[in-house]
Structures are given as structure tokens and as C-alpha cells.
Amino acid sequence: MSGAPPSIGEAAEGDRVRGLRPMQYARCLGGIVRREALRWIHQRSRFVSALVRPLVWLAIFAAGFRFVLGVSIIPPYETYIPYEVYIAPGLVAMILLFQGMQSSLSMVYDREMGSMRLLMVSPLPRWFLLTAKLIAGVIVSIVQAYIFLAIAWFWEIEPPLWGYLSVLPALALAGLMLGALGLVLSSFIRQLENFAGVMNFVIFPMFFASSALYPLWHVKEASLTLYWICEANPFSHATELIRFALYGQVDWLSAGVVTAFLLMFMVLAVYGYDPGRGLIARRGGPE
């Protein structure tokens, strides 16, 4: 009999999805979303830190730079705006980014504690399990983003009323992309204590090298190289997607870039969590 025997993942993948019904997929998705929601509710420190972090930037950083960094009339704004109005979409994107990293941190924790091993050997396909985990994290991050926008109203950050509805698809798309990035990172990390360093290595360069805190035309005047780095940064496009959506507009370039990165990150995440071919297999299986 020629050819190498199939790996554990390859042998099981063909049989694990047979006979499954849509209701079973829905039940699994509902269970994962419920588990993530309960974890968010019971871990109040996560809820508080998710709001305190952007509010500190809004209350202190924006106040200090309000008269230093002027914001000219740029789309989607039709007039001059206070600096805190400009950075609000970037702070919303920051919430999505940190929640994506926190959700990935829980993946590493679950893998170390053994529950991740049980999840990955369930009859459902691995791509669906990762997608369900991603959707659960995005739902939590969207709730946090709307709570922040409600509090930001006291700083006179008042987009049109329809903007609170039109921004929902942008929040979902940006949250999925940033959460998928977190899944990719979690597939690289073997031990829980290593995740904090990786988070800082990714989060802060993405946040500061973007349009979250300053218009890119300011950056272009200072450094053309840094400008192109900011343009290539997917976090910049996530921020601009949210910024335009808050005013009922669509930045189609940013939407396309965010969608492309989402698909790329998801492919890498599914590959990384494949026990037969991915990064976990090269490390000898999940911890």
C-alpha cells in the first residue's frame, strides 16, 4: 500500500462533519457565545479595563493635545472638529483590538487547561469552531464599543443618530479582522506567560502607526516612510472604516483592505490550529 498514512487531523476531518445538522452548528455557536458572554460578565475587571483605557485617552490625552494638534476639514467631517471628536473612532477601534487580544488570550488559557483540546476534537469542523469563537468575541467587543460611545457623548462626541446604527457593520467587520489577528497570534504562543509580551509587540505599534491619533497628512509631512507604514497598517483602515460609518458613509478602500486581511488572518488561524499540519503540530500538539 503506497503513500504515507494520513495524519490524525486529516483522518478525522473527513468523518467528523458527516451527519451534522444545522441545528447542531447553531447550538455550538450559541454555547460558545454564551460562554464568552458569561466570562465577560463575571470578570468585571475586563469590562472596566476595556472602558477605562480609551476613556483615559479621551479625557487626558485629548485634552492635552486639543490645542496642539489641529484637525482640518477632512472627510467625513464637513467642518473643523475638536481633537477628541477625531480620535473617538480610533479609541473605538482600540476597544476592538484589545478585546480581540483578550479573546485570544483565553484561547491560550483554554489550551493550557485542556478544554481547548476537547473543543478541537469535537465532531464540528475546526474552521467553524474558530469562527464561532471569533464571533463570540466580536459580539462582546461591539457591546463594549457602544457603551464607550454612550459615555463619550458627555465629551460632546455626537455623531448623527443614524450613525450609531450605520457603524454596526463597520464594528463587526473591523472586530472580526482584529479578532482573527489575535487567533493567528494565539496559534504561535505555547505558554500563557508569553502572550503579554506578544500583545505589547503587536498592539502598540499597530495603534500608534495608524490614523487613530492623527490624520495621515500630518504624518506624511513629517516622514514619507512612516506615512506608507501607516497606510499599510490594517488598523488604520479599521479606524477609517469606523470613522466614515459613524457619519453614514462607506470608505470602500478601507472596507476592501479590512476584508482582505480578515480572510488572510482566518486562513492562517485555521492552518495554525490544524493538529496535522499547523503550528500546534510542529510543537507536538496543544498544551
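Residues numbered from 1 in each chain as written. Predicted model: local features only at pLDDT ≥ 70, side-chain atom pairs only at ≥ 80, totals over all residues. Heavy atoms only, no water.

Attention now moves to the overall build of the protein chain. Within the protein chain, the secondary structure is distributed over 13 helices and zero strands. Each helix and strand of the protein chain, ordered N terminal to C terminal, gives the series α-α-α-α-α-α-α-α-α-α-α-α-α. In the protein chain, which comprises 287 residues, the proportion classed as buried is 48%. Summing over all exposed atoms, the protein chain offers an accessible surface of approximately 14300 Å²; the carbon and sulfur share of this is 70%. (Helix = DSSP H or I, 4+ residues; strand = E, 2+ residues; numbered from the N terminus. Buried < 20%, exposed > 50% of the residue type's maximum accessible area, 1.4 Å probe, protein only. Areas by Shrake-Rupley, 256 points an atom, 1.4 Å probe, with all protein chains shown as cover.)

Under the defined criterion, the tally for this structure stands at two salt bridges. Residue glutamate 240 pairs with arginine 243 through a salt bridge whose shortest N-O separation is 3.2 Å. A residue pair is termed a helical-turn pair when its members lie 3 or 4 positions apart in one helix, as glutamate 240 and arginine 243 do in helix 11 (residues 234-245) at three residues. In this pair, the class of glutamate 240 matches that of arginine 243, namely buried. (Salt bridge = Lys/Arg side-chain N within 4 Å of Asp/Glu carboxyl O.)

Turning our attention to the confidence of the model for the protein chain. The predicted model of the protein chain has a mean per-residue pLDDT of 80, with 78% of residues at 70 or higher. Taken element by element, the predicted model of the protein chain shows its lowest mean pLDDT in helix 1 (residues 8-16) (48) and its highest in helix 11 (96). Across residues 4-13 the pLDDT falls below 50, and counting only partners more than four positions away or on other chains, this stretch makes six contacts in the model. (pLDDT = per-residue confidence, 0-100. Contact = heavy atoms within 4.5 Å.)

Here we come to unusual backbone geometry. Keep in mind that most residues, glycine aside, have a negative phi and that most peptide bonds are trans. With a phi close to 65 degrees, glutamate 156 is a non-glycine residue in the positive phi region. Mapping glutamate 156 onto the fold places it in the loop between helix 6 (126-152) and helix 7 (163-188). Residue glutamate 156 is classed as exposed on the basis of its relative accessible area, which comes to 61%.

By convention here, two paired aromatic rings are described through the distance between centres and the angle between planes. Counted under the stated rule, the structure contains 10 aromatic pairs. When the centroid spacing of 5.3 Å and the interplanar angle of 80 degrees are considered together, the rings of tyrosine 77 and tyrosine 247 count as edge-to-face. You can see tyrosine 77 sitting in the loop between helix 3 (44-65) and helix 4 (83-113) and its partner tyrosine 247 sitting in the loop between helix 11 and helix 12 (252-272), a full 170 residues away along the chain. When its relative accessible area of 6% is taken as the criterion, tyrosine 77 is described as buried. (Phe/Tyr/Trp six-rings, centres within 6.5 Å; stacked < 30°, edge-to-face > 60°.)

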